[in-house]
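Examining the three-dimensional arrangement
Okay, here's what each chain looks like letter by letter:
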Amino acid sequence: MRKTFTAAILFLSLNTQAQEGQFSQYFASSSFMSPAFTGAIPNLSLNSNYKRGGSPNSENFFEMVQTTFTYPFQKHTSKSVQVGGAGISFFQERRGYQGLYSARKVLLNGAYNIKLDQFSNRYFIFGLQGGAAQQRINGNQLQWGSQFNKYFGYDDTRPGEGIPVSSVFYPVFNFGVMYTAFDNQNLYIRDRSFTFGASIDNLNRPVIDYQSVEPSHLNFLYKAFGSVKLPLAPRWHIFPSFYALHSHGNTQVNAGTYLSTFLSSVRSRTAFLMQFGAWYRVGDSVIVLTGFQVENIRLGFSVDLNAQTYNLGTELSNDLPTYEISLTYNLNLSRPLRNMTSPIF
């Protein structure tokens, strides 16, 4: 009985949790959209996202956190030109009743920039990401009927079923390419830009083998994204954007728009940029976002309304309000965050 129950848990987990969750602030967690973004971040920076939905005692519970450190490579001649970047990303996720399923990743990021000609600001950026990942199912966290006391409810001093902890480790490799163009190398006066890219995750098709069920390969995850920056009025810009994903016959399409404005002079050392926007995840949910950037700090907040999709088409719930917070800190204090090419979150 115990072995059958364990196998059932693993089978359900593999089928419903095969693809890890995704953040809703796509550009604030850009290294997970594509490793090519490592070559487009001009500042030495540290950024983090935290996302949560549901109650730990609900089967729809999930919690995700990522932290990424990025170091840009600059070539200094008559002016500085970014030629690439490197970084490291940490990712952790818990999902399911009492966080039954968890995943962790440590990824190294690298990117190389190719300037298409000397007199324009057009670049191809190639990015590679690789590291180690772990998936874990911890049955010890489950609560059983035999552990409930009729007087005060759950009693952790009573014995439950001894479901073993199952864990797998595997290498993972991702690749991305991006084309970006902008009107001015000077970040202070940059008004127009175009970014388009594609990436593929799980290049090595890692094997997930929990021993209790038949081993399976992680599917390829294909992504395409784009964003255009256009001026609307003095100090105002709009960013029409899209993000699409495809894996194992399932497709997810996201369309969104951001508006940004400087509430003080762009050249001021304490220039305050406000940005807000929304995404529509076709057939699933609406994401509302707002955030700001001042000196060396960016902070974003978002809420997912309606259903939340994780396995690219698997709807978990119709009443799961989900929130996410992002924070970016510029470690190069002599070069504050300024105008930008992509949305800040």
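Keep in mind that this is a model prediction, so the values were computed, not measured.

So, on to the overall build of the chain. On a plain count of helices and strands, the chain comes out with two helices and 18 strands. Per-residue burial over the chain gives 48% buried out of 345 residues. A fraction of 61% describes how many contacts in the chain between residues 6 or more apart in sequence connect residues 24 or more apart. By element, 61% of the accessible surface of the chain is carried by carbon and sulfur atoms, the whole surface being about 15,900 Å².

Even without glycine at this site, asparagine 202 takes up a positive phi of about 60 degrees. Locating asparagine 202 in the fold gives a position in the loop between strand E9 (193-201) and strand E10 (207-208). The class for asparagine 202 is buried, based on a relative accessible area of 4%.

Time to look at the side chain of glutamine 25. Checked against the element boundaries, glutamine 25 lands in the loop between helix H1 (2-16) and helix H2 (30-33). Exposure remark for glutamine 25: the relative accessible area of 0% places this residue in the buried category. Polar contacts involving the side chain of glutamine 25 include one to the main-chain carbonyl oxygen of glutamate 324, which spans 3.1 Å. Ignoring any residue separated from it by four or fewer positions in sequence, one finds glutamine 25 in contact with Asn49, Leu289, Gly300, Phe301, Ser302, Glu324, Ile325, Ser326 and Phe345.

The next thing to look at is the pattern of salt bridges. One pass over the full model with this rule turns up seven salt bridges. For glutamate 63, the salt bridge goes to arginine 52, with nearest N and O atoms at 3.7 Å. With a gap of 11 residues between them, glutamate 63 in strand E2 (residues 62-76) and arginine 52 in strand E1 (residues 45-53) connect regions that are remote in the sequence. Judged by relative accessible area, which is 16%, glutamate 63 ranks as buried. As a salt-bridge pair, arginine 94 and glutamate 63 come within 3.0 Å of each other at their nearest N and O atoms. Here glutamate 63 lies in strand E2 and arginine 94 lies in strand E3 (residues 80-95), a separation of 31 residues in the sequence. Each of Arg52, Glu63 and Arg94 takes part in one network of salt bridges that share partners.

Time to look at the pairing of strand E14 (residues 250-262). Each regular strand shows side chains that alternate between the opposite faces of the sheet. Pairing between strand E13 (residues 236-247) and E14: 12 bridges, direction antiparallel. The residue of E14 that forms the bridge with leucine 245 is glutamine 252. Hairpin geometry of E13 and E14 is characterised by an intervening segment of two residues between the two adjacent antiparallel strands and by a positive phi of about 55 degrees at histidine 248.

Quick look at the nonpolar core now. The biggest cluster of nonpolar side chains holds 26 residues, and the ones touching the most others in it are Met33, Tyr243, Tyr258 and Trp279. At three residues, E13 tops the list of elements feeding residues into this core. In terms of nonpolar packing, the next biggest core, distinct from the first, is built from 16 residues, Met64, Tyr101, Ala133 and Ile208 among them.

A separate point is the environment of valine 253. Structurally, the position occupied by valine 253 is in strand E14. Placed 31 residues apart in sequence, valine 253 and aspartate 284 show a C-alpha to C-alpha distance of 9.7 Å. Leave out the neighbours within four places in its chain, and valine 253 touches Tyr243, Ala244, Tyr280, Arg281 and Val282.

Right, let's talk about the packing of aromatic side chains for a bit. Within the structure shown, the criterion is met by 18 aromatic pairs. With a centroid separation of 6.0 Å and 35 degrees between ring planes, the pair formed by phenylalanine 196 and phenylalanine 242 is classed as tilted. Of this pair, phenylalanine 196 sits in strand E9 while phenylalanine 242 sits in strand E13, and the two are 46 residues apart along the sequence. On the basis of relative accessibility, which here comes to 32%, the residue phenylalanine 242 falls in the partly exposed class.

Moving on to the pairing of E13. Across nine bridges, the pairing between strand E12 (residues 221-233) and E13 is antiparallel. Following the sheet pairing, alanine 224 is matched in E13 by alanine 244. Between E12 and E13, which pair antiparallel one after the other, the connecting turn spans two residues, and arginine 235 there sits at a positive phi close to 75 degrees.

About the criteria used
- Residues numbered from 1 in each chain as written.
- Predicted model: local features only at pLDDT ≥ 70, side-chain atom pairs only at ≥ 80, totals over all residues.
- Heavy atoms only, no water.
- Helix = DSSP H or I, 4+ residues; strand = E, 2+ residues; numbered from the N terminus.
- Buried < 20%, exposed > 50% of the residue type's maximum accessible area, 1.4 Å probe, protein only.
- Contact = heavy atoms within 4.5 Å.
- Areas by Shrake-Rupley, 256 points an atom, 1.4 Å probe, with all protein chains shown as cover.
- Polar contact = N/O pair within 3.5 Å; in protein donor to acceptor, adjacent residues only side chain to side chain.
- Salt bridge = Lys/Arg side-chain N within 4 Å of Asp/Glu carboxyl O.
- Pairing = 2+ DSSP bridges.
- Core = buried A, V, L, I, M, F, W, Y, C linked by side-chain atoms within 4.5 Å.
- Phe/Tyr/Trp six-rings, centres within 6.5 Å; stacked < 30°, edge-to-face > 60°.

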